[in-house]
Structures are given as C-alpha cells and as structure tokens.
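Here's the letter readout for the chains.
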Amino acid sequence: MEHDIWFNGKFVPFKDAKIHILSHVIHYGSSVFEGIRAYSTEKKGTAIFRLSEHMRRMVDSATLYRMQLPYDQAALERAAIQTVSRSGLSDSYIRPIAFRGVGEMGVNPLNNPVETAIVVFEWGPYLGPDALEYGIDVQVASWNRFAPNTLPSLAKAGGNYINASLVKMDAVVNGYKEGIMLTTDGYLAEGSGENLFVVRDGTIYTPSTNLSILPGITRSSVIQLAEDAGITVKEGRIPREVLYIADELFFTGTAAEITPIRSVDKYTIGNGKRGPVTHKLQKAFLDIVERGNDPYGWLTPVSG
Ligand code: PPE
C-alpha cells in the first residue's frame, strides 16, 4: 500500500516523492535516518514506540554530520504522528530521513540543501516469518564493524549501511539470515541492522556502546526490561568465542524486535530453540506494544 509521504513539510502522494539524480545523498550516502515502529495496542490504540528517543537520535545524527535540519525534534515528532495517522495503518514502520539534495557536486556537502521526509509503510518480521518464535541461523561476518575513528557509530547515517550491506549480502549468499560484525580488534559488535545480546548462566551480556555499535533504542529498552525482571545485564567487551558457548543469543532492533538466534557458524546455541530468557523478554516487550501497558511512558498514541 502506498501512503502519502511527508516531504519537506507537506504531504505528497507516494509516487510524487522524488529527488534529482544529482542529489548529494545518491553519490556520497549523505543522509541520516531513523526506523520507528507504530503498533496497534489494545489499551492505547495505534501508538508509536519511543518516538522522542528516535527523533532525538536523528537530531544527534544530523548534528554529527554538520547537517542543519530545517525541523526541530518536536516538529519531526508531530510530522511522524500525522504521517501515521494519515496512512490509516495500525501497525507500521516509520522511516524519517534527512539528506543532502542538489547543490554543488563533490564531496563537500555544506552547500547542498537538506531535505527531510517521513515515510510510513507496513513491514512484517524483519528476519523472516518464523524468526521470532524459532530463531535464525547466523554467521560471524568477515567484514568488521567500522572502527571508532572511521565513522561516528552513534550516528544512524545512510553511508554506514554500505558496510552493513556487505555483511548482510555475505550472510544471505552463504545461506544465513544475518551476520554478526566484530570490532576491528575482534570483539563482538552487532548485526548489520541489530544489536546483539548473549545469555549465559542467567546473566545477560551485551557489547558496550564504546565498541562502535549503534546505541539501539530497542537495546536500551531490553536492558531496562531485563533489569526490572531481576536479570543482571553486563555491558562490555565480549570475546567472539562466547557466542559458541552461550546458552542463548538474540538480536534487538526496531525492525527485528527481539529475534532469537539458534545457531552461529553452525554451532547450535542452547537447544537450538528460543531460550527462556529471550522468551521472557519478548513477552515483556509484547505486553507494552501489543497490550499497551506502558509503565515507562514509551508509547505515543497517534490519536488524542
Ligand atoms: N544496529 C544497527 C546497525 C541498526 O541498523 C539498528 C537498527 C540497530 C542496531 C538497532 O537499533 P534500534 O532500532 O534503535 O533498536 N536498524 C534499523 C534499520 C534496519 C534496516 O534494514 O533498514 C531498524 O531496525 O529499524
């Protein structure tokens, strides 16, 4: 279904949201974007999950790239609500994006206008229809996550995903659903579009944000849900081989939600099924986004 797109402050029909071939973003990847989900909740109707945290990260990403956004965080939040509302969708994926348009050619983007859009569409389970229940098979990627002095990993920037695409393509071509990237010195980092969690002896471990990962909003939500369920969460440097002896592994992300990993490099994880800690966290997450219980104030209702 093709829904109206909020484009530079106005709604335009889906087919009319076009850009010029000389837009800087096409040549140099100069965009910053977000991925946000809206859920149809029982108690609050259609509601957007952690809207302000996502828009804050978008503003931060723009700041890092010296990109002056024509809209502040509050205006972006209002526009996202309107775009969802206008689509009539109850469950949707929201993609706000700001990019450098047509101006001068060449690497310097400072003289190119910043264009902003918000698109809403339906997006089912990111890693396949059975992924959330049965888990996925993944490999360790041979491409590393970029080093901290190469690109700012706190920014969710278009150009970052040229690296992620290499990881994802290799995984798919090799018959896996996803790849896990290591840091340049060999520690666990994250998936091409997800953060990574390890469970061993009832404790949860996840790479810390100083390891070139995107500081995921689902990641921080899951850390909070785990801690509030009495599970210890440790953030730090995790050696690669911990993957192969983990009791459970899972990915988190807006698109991926909480996806169990059932094997890595053909090592079976746990009993090769979704583990109990993963399942418990999925249920806690669904209680918020499906039931609409909202003890943390993470839901923004779309109407009213
Ligand atoms: N790491 C990366 C590299 C990443 O792209 C994402 C989101 C995450 C971690 C998780 O972040 P968060 O969504 O805030 O929990 N990836 C987005 C885009 C995926 C895509 O293919 O496009 C997403 O999940 O929306």
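Structure: see above.
Caption draft 1: Just the site of the ligand, in detail. If you check the shell around the ligand, you find 23 residues, and the closest are Y93, Y126, Y161, T218 and T254. Within the side chain of K156, an N or O atom sits 3.2 Å from a nitrogen atom of the ligand. At 2.5 Å, a side-chain N or O of T254 approaches an oxygen atom of the ligand. Isolated, the ligand exposes 550 Å² of accessible area, and the fraction of that covered by the protein chains is 93%.

Caption draft 2: Structural context of the side chain of N112. Inspection of the secondary structure puts N112 in the loop between β6 (92-100) and β7 (114-121). Classification of N112 as buried rests on a relative accessible area of 3%. Looking at N112, its side chain comes within polar contact range of the main-chain oxygen of E104, at 3.2 Å. Once you skip the residues sitting within four places of it in the chain, N112 turns out to touch H24, R100, G101, V102, G103 and E104.

Caption draft 3: Region of the structure containing the pattern of salt bridges. All chains considered together, the criterion is met by 13 salt bridges. The partner of K44 in a salt bridge is D294, and the shortest N-O contact between them spans 3.7 Å. Remark: D294 occurs in the loop between α7 (276-291) and β17 (299-301) and K44 occurs in the loop between β4 (36-41) and β5 (45-49); sequence separation between them is 250 residues. In this structure K44 comes out as partly exposed when scored by relative accessible area, which is 34%. Its salt-bridge partner being R145, residue E190 comes within 3.0 Å of it at the nearest N-O pair. Here R145 lies in the loop between β8 (136-140) and α5 (160-173) and E190 lies in strand β10 (residues 188-191), a separation of 45 residues in the sequence. Judged by its relative accessible area of 4%, E190 falls in the buried class.

Caption draft 4: Up close: the pairing of strand β13 (residues 233-236). Note that strand β12 (residues 203-207) and β13 share four bridges and pair parallel. The partner of T206 across the bridge, within β13, is E235.

Caption draft 5: A look at α7. Over its 16 residues, α7 extends 21 Å from the first C-alpha to the last, a length consistent with the 22 Å expected when each residue adds 1.5 Å. The axis of α7 is deflected most strongly, by about 25°, at F285. By the burial criterion, the buried members of α7 are V277, T278, L281, Q282, F285, I288 and V289. Positive backbone phi, at 90°, marks G292, one or two positions downstream of α7.

Caption draft 6: Summary view of the packing of aromatic side chains. Under the counting rule described, the total for this entry stands at 12 aromatic pairs. Plain terms: the ring middles of W123 and Y126 are 5.3 Å apart, the flat faces sit at 85° to each other, and that makes the pair edge-to-face. Overall, W123 belongs to the partly exposed group, its relative accessible area being 33%. When its relative accessible area of 27% is taken as the criterion, Y126 is described as partly exposed. Aromatic pair F197 and F250: ring centres 4.9 Å apart, planes at 5°, arrangement stacked. You can see F197 sitting in strand β11 (residues 195-200) and its partner F250 sitting in strand β14 (residues 248-253), a full 53 residues away along the chain. For the pair shown, F197 and F250 are each scored as buried. Among the aromatic residues, those joined into a ring-pair cluster are Y39, F49, F285, Y296 and W298.

Caption draft 7: Seen up close, helix α6 (residues 217-228). Between its terminal C-alpha atoms α6 stretches 17 Å, which fits the 16 Å expected from 12 residues at 1.5 Å a residue. Within α6 the residues assigned to the buried category are I217, T218, R219, S221, V222, I223, L225 and A226. Count one or two residues on from α6 and you reach G230, which has phi positive near 85°.

Caption draft 8: Representation of the side chain of N163. Structurally, N163 can be placed in helix α5. Under the relative-accessibility criterion, N163 is labelled buried at 14%. Setting aside its immediate chain neighbours within four residues, N163 contacts N144, R145, F146 and M181.

Caption draft 9: View of the packing of α6 against α7. Between α6 and α7, whose axes approach to 10 Å, the crossing angle comes to 110°. Taken together, the axis directions place α6 and α7 in an arrangement best described as roughly perpendicular. Touching V222, L225 and A226 of α6 are L281, A284, F285 and I288, all from α7.

Conventions we followed
Residues numbered from 1 in each chain as written. Predicted model: local features only at pLDDT ≥ 70, side-chain atom pairs only at ≥ 80, totals over all residues. Heavy atoms only, no water. Near = heavy atom within 4 Å. Polar contact = N/O pair within 3.5 Å; in protein donor to acceptor, adjacent residues only side chain to side chain. Areas by Shrake-Rupley, 256 points an atom, 1.4 Å probe, with all protein chains shown as cover. Helix = DSSP H or I, 4+ residues; strand = E, 2+ residues; numbered from the N terminus. Buried < 20%, exposed > 50% of the residue type's maximum accessible area, 1.4 Å probe, protein only. Contact = heavy atoms within 4.5 Å. Salt bridge = Lys/Arg side-chain N within 4 Å of Asp/Glu carboxyl O. Pairing = 2+ DSSP bridges. Expected span 1.5 Å × (residues − 1). Bend = angle between axes of the 7 residues up to and from the residue. Phe/Tyr/Trp six-rings, centres within 6.5 Å; stacked < 30°, edge-to-face > 60°. Axes fitted to C-alpha atoms, helices over the stretch in contact; angles between N-to-C directions. Parallel < 35°, antiparallel > 145°, perpendicular 65-115°, else oblique.

In short, shape yes, function no, at least from these values alone.
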